[in-house]
Amino acid sequence: RSALAITKSDPRTLYELAIVLNILDKPEEAEELALQVHQLRPDKSTGRRSWRLIASIRERLGRHPHQILNAYIKMARDIELERSELSQWEDRLEVFEIPALALQRASTFAIHPYPERSLEFAVQAKGRTLQELLEYDTRNLRRFLSQVEQQQFDQLIATSGKIGMAKQGWDLSSEFGYSLG
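These numbers were taken from a predicted model, which means no experiment stands behind them.

*Asks:* Looking at this model, I keep getting lost on the packing of helix H4 (residues 44-61) against helix H5 (residues 65-84). Mind explaining?
*Replies:* In the contact formed by H4 and H5, the axes pass within 8 Å of each other and the chain directions differ by 160°. Judged by the angle between their axes, H4 and H5 are roughly antiparallel. Crossing of H4 against H5: the hand is left-handed. Here H4 contributes Lys44, Ser45, Gly47, Arg48, Trp51, Arg52, Ile54, Ala55, Arg58 and Glu59 to the contact with H5, which in turn contributes Gln67, Ile68, Ala71, Tyr72, Lys74, Met75, Arg77, Asp78, Ile79, Leu81 and Glu82. Broken down by class, the residue content of the contact of H4 with H5 amounts to 9 nonpolar, 3 polar and 9 charged.

What follows is the structure, given as structure tokens:
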């Protein structure tokens, strides 16, 4: 709370204090602070995480499903706003996992009271996954591999290339009447 006295206008500080209050079993106070975060126009990441916290607290407190759903909807909106500002594949990869899991949680919550909204959250989560897969480039992932894994990966790529050439050779043999063997 002393940090809050110093930086009452910092949304990140309010968000982090809300987390602490929630951990200390003070969910009403935590929700109040998390809502104040949005009055201060937080960055997209803090906003997204704050809406996720609000939804979680509301679930824990047994609030009306519509209040919980509203927080998840705002979280989902902020996920898309945050992702739209990240132009590089590597940047999106850094923040991808947490939003996809949050959308899965939102979908799970909404399945009984709001099945159509649950489906929308699930589609958004899968859309995030699919987009990352479609933009996948093995060169982007090499930095996450150890030296041994990079060598194994290089061997797999080389073997894949040989298989592709062999397959082409067999395809050509049926067209032209000869084989490479």
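Still to come is the rest of the account.
*Asks:* Looking at this structure, I do not really get the packing of helix H3 (residues 27-39) against H4. What am I missing?
*Replies:* Each pair of packed helices can be described by the angle between their axes along with the distance between the axes. Where H3 meets H4, the closest approach of the two axes is 9 Å, and the angle between their N-to-C directions is 150°. The angle between H3 and H4 places the two elements in the roughly antiparallel class. For the element pair H3 and H4, the recorded crossing hand is left-handed. Residue-level contacts link Pro27, Glu28, Ala30, Glu31, Ala34, Leu35, Val37 and His38 of H3 to Thr46, Gly47, Ser50, Trp51, Leu53, Ile54, Ile57, Arg58, Arg60 and Leu61 of H4. For the contact of H3 with H4, the per-class residue count stands at 10 nonpolar, 4 polar and 4 charged.

*Asks:* In this structure, what is going on with the pattern of salt bridges? I would like to understand it.
*Replies:* Note that side chains of opposite charge can pair when their charged atoms are close. For the coordinates displayed, the defined rule picks out 8 salt bridges. A salt bridge links Arg63 to Glu31; the nearest nitrogen and oxygen atoms lie 2.4 Å apart. A residue pair is termed long-range when its members are at least 10 positions apart, and Arg63 in the loop between H4 and H5 and Glu31 in helix H3 qualify at 32 residues. Measuring nitrogen to oxygen at the nearest pair gives 3.1 Å for the salt bridge that ties Arg77 to Asp78. The exposure class of Asp78 is buried, given its relative accessible area of 7%. Beyond isolated ion pairs, a larger network of salt bridges with shared partners links Glu31, Arg58 and Arg63.

*Asks:* What exactly am I supposed to notice about the environment of Leu103 here?
*Replies:* Note on placement: Leu103 falls in helix H6 (residues 89-110). Considered as a pair, Leu103 and Gln124 are 21 residues apart in the sequence and their alpha carbons are 7.3 Å apart. Not counting the four nearest positions on each side in its chain, Leu103 is found in contact with Met75, Ala76, Ile79, Phe121, Gln124, Ala125 and Arg128.

*Asks:* Looking at this structure, how should I read the nonpolar core?
*Replies:* As a rule of thumb, soluble globular proteins bury nonpolar side chains together. Core analysis: the biggest nonpolar cluster contains 28 residues, and Tyr72, Met75, Leu103 and Phe121 have the highest contact counts within it. Those elements giving two or more residues to this core turn out to be helix H2 (11-23), H3, H4, H5, H6 and helix H7 (115-134). Residue contributions to this core peak at 7 residues, all from H5.

*Asks:* Mind showing me how you'd approach H4 here?
*Replies:* Count 3.6 residues to each turn of an α-helix, and residues three or four apart come out pointing the same way. With 18 residues, H4 ought to run about 26 Å at 1.5 Å a step, and its terminal C-alpha atoms sit 26 Å apart, in line with that. Of the positions making up H4, those classed as buried are Thr46, Gly47, Arg48, Ser50, Trp51, Leu53, Ile54, Ala55, Ile57 and Arg58. The first or second residue beyond H4 is Gly62, which carries a positive phi of 70°.

About the cut-offs
Residues numbered from 1 in each chain as written. Predicted model: local features only at pLDDT ≥ 70, side-chain atom pairs only at ≥ 80, totals over all residues. Heavy atoms only, no water. Axes fitted to C-alpha atoms, helices over the stretch in contact; angles between N-to-C directions. Helix = DSSP H or I, 4+ residues; strand = E, 2+ residues; numbered from the N terminus. Parallel < 35°, antiparallel > 145°, perpendicular 65-115°, else oblique. Left-handed = near helix turned anticlockwise from the far one by under 90°. Contact = heavy atoms within 4.5 Å. Nonpolar A, V, L, I, M, F, W, Y, C, P; charged D, E, K, R; others polar. Salt bridge = Lys/Arg side-chain N within 4 Å of Asp/Glu carboxyl O. Buried < 20%, exposed > 50% of the residue type's maximum accessible area, 1.4 Å probe, protein only. Core = buried A, V, L, I, M, F, W, Y, C linked by side-chain atoms within 4.5 Å. Expected span 1.5 Å × (residues − 1).

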